[in-house]
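# Remarks on the overall topology
As a plain string of letters, each chain reads:
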Amino acid sequence: MVMSWIWTGAVAVSVFCALVTGTGAELAASVMAGAQAGVTLAVSIAGSLCLWSGVGRLMEAAGLTGLLSRGLRPLLYRLFPSARADAQLAGHLSANICANFLGLGNAATPMGIRAARAMARENTSTDELCRLIVLNTASIQLLPANVAAVRSALGCRSPFDILPAVWVTSLLSAGLGVCAAWALGRVWGRG
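What counts, and where the lines are drawn
Residues numbered from 1 in each chain as written. Predicted model: local features only at pLDDT ≥ 70, side-chain atom pairs only at ≥ 80, totals over all residues. Heavy atoms only, no water. Helix = DSSP H or I, 4+ residues; strand = E, 2+ residues; numbered from the N terminus. Rg over C-alpha atoms; globule rule 2.2 N^0.38 Å. Buried < 20%, exposed > 50% of the residue type's maximum accessible area, 1.4 Å probe, protein only. Areas by Shrake-Rupley, 256 points an atom, 1.4 Å probe, with all protein chains shown as cover. Lys, Arg positive; Asp, Glu negative; His and termini not counted. Charge placed at Lys NZ, Arg CZ, Asp CG, Glu CD. 1 Å grid on protein atoms, 1.4 Å probe; cavity = no way out; pocket = protein on both sides within 12 Å on 5 of 7 lines; lining within 4 Å. Points joined across faces, edges and corners; volume = space filled by probe spheres on them. Core = buried A, V, L, I, M, F, W, Y, C linked by side-chain atoms within 4.5 Å. Contact = heavy atoms within 4.5 Å.

## Focus: the overall build of the protein chain
- Each helix and strand counted, the protein chain has eight helices and zero strands in total.
- Along the chain direction, N to C, the helices and strands of the protein chain fall in the order α-α-α-α-α-α-α-α.
- Its C-alpha atoms give the protein chain a radius of gyration of 21 Å, clearly above 16 Å, the size a compact globule of 191 residues would have.
- On the principal axes, the C-alpha backbone points of the protein chain span a range of 65 × 45 × 30 Å.
- Counting over 191 residues, the protein chain shows a buried share of 28%.
- A total accessible area of about 12,100 Å² is found for the protein chain, and carbon and sulfur atoms account for 70% of it.
- Side-chain charges in the protein chain split into 13 positive and 7 negative, and the spacing between the mean points of these groups amounts to 7 Å.

## With respect to the layout of surface pockets
- Volume-wise, the second largest pocket comes out at about 180 Å³.
- Lining the second largest pocket we find L75, L79, I97, N100, F101, L135, S139, I140, A174, G175 and V178.
- Those elements that provide at least two residues to the lining of the second largest pocket are α3 (64-79), α4 (87-101) and α8 (163-190).

## A short note on the environment of V147
- Positionally, V147 belongs in helix α7 (residues 145-153).
- Judged by relative accessible area, which is 38%, V147 ranks as partly exposed.
- For the pair V147 and S48, spaced 99 residues apart in sequence, the C-alpha to C-alpha distance is 9.9 Å.

## What to know about the nonpolar core
- Formed by 19 residues in total, the largest nonpolar core has its most connected members in L76, F80, A83, L89 and L93.
- Breaking this core down by element, the ones donating at least two residues are α3, α4, α5 (105-121), α6 (126-138) and α8.
- Sorting elements by how many residues they give to this core places α4 first, with five residues.
- Excluding anything up to four places from it in sequence, L93 contacts L76, F80, A83, A115, M119 and L132.

Okay, here's the thing in structure tokens:
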């Protein structure tokens, strides 16, 4: 609700300033150009999202997500001890982490919601839920598909040249976030 007031205020100030300075025609032209660029960008991102979501479905049908889930078990069981007792929860968690590895934040969100619901159903500790939220927010990305799609749509000739920076920043943010969630869980757990 607050953000809608902020955006409305920003638009109103822009229109007011354009009218006062006599640049209403330029404002109208830039609004139309921005809308056109937004639609073009949305279509290109939608194409990339459909492609990678389809790849995710194919991986699931071929059993590759099960293999990835088994590969992620040591990490999952360490971060989410309740996943040991609930295979469905472990599946949702591993699918969520795999989607984040591929840089598919939009596709990872429903899987994260399913994992959070499974945790709530099992009365899993809120510390584990906090770690899940931190991992979803910081998401370690091996292949930032959505970012590459945006860069490609905006004319970048090599949209994946940002990989080293993405790897370093996502590993650091996820690592620091999980450590902070763990430490704060210990501090508040003693209180």
